[in-house]
Amino acid sequence: MTNAIYARQSIDKADSISIESQIAFCQYELRGEPYEIYQDRGYSGKTIQRPDFQRLLHSVRNGTIKRVICYKLDRCSRSILDFSNLMAEFQQYGVEFISCTEKFDTTTPMGRAMLNICIVFAQLERETIQQRVYDAYHSRNLKGFYMGGRIPLGFRLCEHTLDGKRTSKYAILPSEAHILRLMYAEYAKPYTSLADVVQLLQSKGISHPRKEDGTWVRSHIGRILRNPIYVRADRDIYDYFKRTGILVHNPPEDYAGIHGCYLYKKDDRKCVVLAPHEGIVASDLWLRCREKSKIRQLYPSVN
């Protein structure tokens, strides 16, 4: 039987302790005793599904490990449930657990109690960080920052400065914007369907500019026709969002018929924010297509 040193680092950055430093701390704790190293780079502590940690557990279950040493207990797990299960399994196989910085003796009731208290605070720290990241992300959403993702048909990315910070925004791509206006104009007609839109594009020899085979898919066109990123949002659009129960961040006077909209989710509710880019489709045309799309979703057999 031997000792096991476990080290984990989720992100390699200047203010985090490296795996090499963690191992050095553990080696000092062992004072020359033999050991085997297990390490996971780039893995979070919110789950124990990590390659080398699972290899460590396999060794524990095989009875080849007598002691597990880590720099800090949250290197093993930040989850109360996972850590409790780990401690129970270590006890089952007679494995001691040592945290170099917290100095726990898991062979005593007091040591185990203190260990559980510390893992509670480790989980609290993780959840606090998650909330902070979520709040920062949502704050940037509300300000209209570009948050990444696939660039929609009809746009390209260009550099932009918002609140003194460098970011990106969409700029209209005229060749693709022409296709979008054709789609909206065709679908807004009383008796046309998504299939009719596809047929129109095919009859004009217009292939999908971003697909190798150039084919159009009705469901994709349907998503385009519902996307508020394309609308030149005016007061009618503001009233529509309010009427449909969507959270509207910007005041009505900002809806000047120029900018498109970003649609986000906040606490399981949809939230709309004016984007810095110009819209492509007039509001009345977008609303006709949106209302028609809603009716077809409710009554699929309607032509």
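Residues numbered from 1 in each chain as written. Predicted model: local features only at pLDDT ≥ 70, side-chain atom pairs only at ≥ 80, totals over all residues. Heavy atoms only, no water.

## Focus on unusual backbone geometry
In the Ramachandran plot, Arg 31 falls in the positive-phi region, its phi being about 50 degrees despite a non-glycine side chain. Relative to the elements of secondary structure, Arg 31 occurs in the loop between helix H1 (19–30) and strand S2 (35–41). By relative accessible area, which is 59% here, Arg 31 ends up exposed. The backbone of Asp 163 sits at a positive phi, close to 55 degrees, despite the residue not being glycine. (Helix = DSSP H or I, 4+ residues; strand = E, 2+ residues; numbered from the N terminus. Buried < 20%, exposed > 50% of the residue type's maximum accessible area, 1.4 Å probe, protein only.)

## What to know about the side chain of Asp 40
The topology assignment puts Asp 40 in strand S2. Notably, Asp 40 is buried but unbridged: the nearest opposite-charge side chain belongs to Arg 50, and the N-O separation is 4.6 Å. For Asp 40, the side chain forms a polar contact with the main-chain nitrogen of Phe 53, separated by 3.0 Å. Filtering out sequence-adjacent residues up to four positions away, Asp 40 remains in contact with Tyr 6, Ala 7, Arg 8, Gln 9, Ile 19, Arg 50, Pro 51, Asp 52 and Phe 53. (Lys, Arg positive; Asp, Glu negative; His and termini not counted. Salt bridge = Lys/Arg side-chain N within 4 Å of Asp/Glu carboxyl O. Polar contact = N/O pair within 3.5 Å; in protein donor to acceptor, adjacent residues only side chain to side chain. Contact = heavy atoms within 4.5 Å.)

## Observations concerning the layout of surface pockets
Empty pockets left among the atoms are what a rolling probe the size of a water molecule brings to light. In this structure, the largest pocket occupies an estimated 980 Å³ of space. Along the walls of the largest pocket sit 35 residues, with Pro 152, Arg 223, Asn 227, Pro 228 and Ile 229 positioned nearest its centre. Secondary structure elements with two or more residues in the lining of the largest pocket: helix H7 (218–226), helix H8 (235–243), strand S8 (259–266) and helix H9 (283–298). Here the residues of the lining of the largest pocket sort into 20 nonpolar, seven polar and eight charged. (1 Å grid on protein atoms, 1.4 Å probe; cavity = no way out; pocket = protein on both sides within 12 Å on 5 of 7 lines; lining within 4 Å. Points joined across faces, edges and corners; volume = space filled by probe spheres on them. Nonpolar A, V, L, I, M, F, W, Y, C, P; charged D, E, K, R; others polar.)

## Points about the confidence of the model for the protein chain
The predicted coordinates ought not to be read in detail in places where the model reports low pLDDT. Per-residue confidence for the protein chain averages 86 on the pLDDT scale, and 90% of its residues sit at or above 70. Below a pLDDT of 50 lies the segment residues 298–303, which in the model reaches two contacts outside its immediate sequence neighbourhood of four places, other chains included. (pLDDT = per-residue confidence, 0-100.)

## What about the packing of aromatic side chains?
Under the criterion given, the structure shown has twelve aromatic pairs. Each ring, one from Tyr 6 and one from Phe 53, has its centre 5.0 Å from the other, and the planes form 75 degrees; the classification is edge-to-face. Taken together, the residues span a long stretch of sequence, with Tyr 6 in strand S1 (residues 2–9) and Phe 53 in helix H2 (residues 51–61) at a distance of 47 residues. Here the two residues Tyr 6 and Phe 53 agree in accessibility, since each one is buried. A connected cluster of aromatic rings, assembled from ring pairs, spans Phe 155, Tyr 170, Tyr 184, Tyr 230, Tyr 262 and Tyr 264. (Phe/Tyr/Trp six-rings, centres within 6.5 Å; stacked < 30°, edge-to-face > 60°.)

## Focus on the nonpolar core
Soluble globular proteins: nonpolar side chains tend toward being buried together. Within the largest apolar cluster, 44 residues are counted, with the highest numbers of intra-cluster contacts made by Met 183, Tyr 184, Trp 216, Tyr 230, Phe 241, Tyr 255 and Trp 286. Contributions of two or more residues to this core are made by helix H5 (174–187), helix H6 (194–203), H7, H8, S8, strand S9 (269–278) and H9. A per-element tally of this core places H5 first, with six residues. Residue contacts for Trp 286: discarding those within four places in its chain leaves Tyr 184, Leu 225, Arg 226, Asn 227, Pro 228, Val 231, Ile 237, Tyr 240, Phe 241 and Val 281. Core analysis: the second largest hydrophobic core is formed by 19 residues, Tyr 6, Phe 53, Leu 56 and Val 95 among them. (Core = buried A, V, L, I, M, F, W, Y, C linked by side-chain atoms within 4.5 Å.)

## Some points on the sheet that holds strand S3 (residues 65–70)
In space, the four strands of this open sheet follow the order S2-S1-S3-S4, with parallel pairing throughout. The two strands at the open ends of the sheet, each matched to only one other strand, are S2 and strand S4 (96–99). This sheet shows a mean twist of 20 degrees between the axes of neighbouring strands, independent of strand direction. In the sheet, S3 pairs with S4 via four bridges, with the strands oriented parallel. By the bridge assignment for S4, Cys 70 is matched with Ser 99. Most of the contacts of H1 go to S1, to which it runs at about 155 degrees, and overall it touches S1, S2, S3 and S4. (Pairing = 2+ DSSP bridges. Axes fitted to C-alpha atoms, helices over the stretch in contact; angles between N-to-C directions.)

## With respect to the environment of Glu 33
The topology assignment puts Glu 33 in the loop between H1 and S2. Given the relative accessible area of 31%, Glu 33 is considered partly exposed. Sequence spacing of Glu 33 and Asn 3 is 30 residues, and the spatial spacing of their C-alpha atoms is 7.7 Å. Setting aside anything within four residues of it in sequence, one finds Glu 33 in contact with Asn 3, Lys 66 and Arg 67. A distance of 3.2 Å separates polar atoms of two side chains, one belonging to Glu 33 and the other to Arg 67.

## Observations regarding H8
For H8, the full list of buried residues reads Ile 237, Tyr 238, Tyr 240 and Phe 241. Taken end-on, H8 shows its buried residues confined to a sector of 160 degrees, consistent with a single buried face. The N-cap residue of H8 is Asp 234: its side-chain oxygen and the backbone nitrogen of Asp 236 are 3.1 Å apart. Once H8 finishes, Gly 245 follows within two positions and takes phi at roughly 85 degrees, a positive value. (Arc of directions from axis to C-beta.)

## Thoughts on the pairing of S8
Of the pairings in the sheet, the one linking S8 to S9 comprises seven bridges and is antiparallel in character. Counterpart to Tyr 262 in the pairing with S9 is Val 273. Here S8 folds back onto S9 in antiparallel fashion, the turn holding two residues, of which Asp 267 has a positive phi close to 50 degrees.

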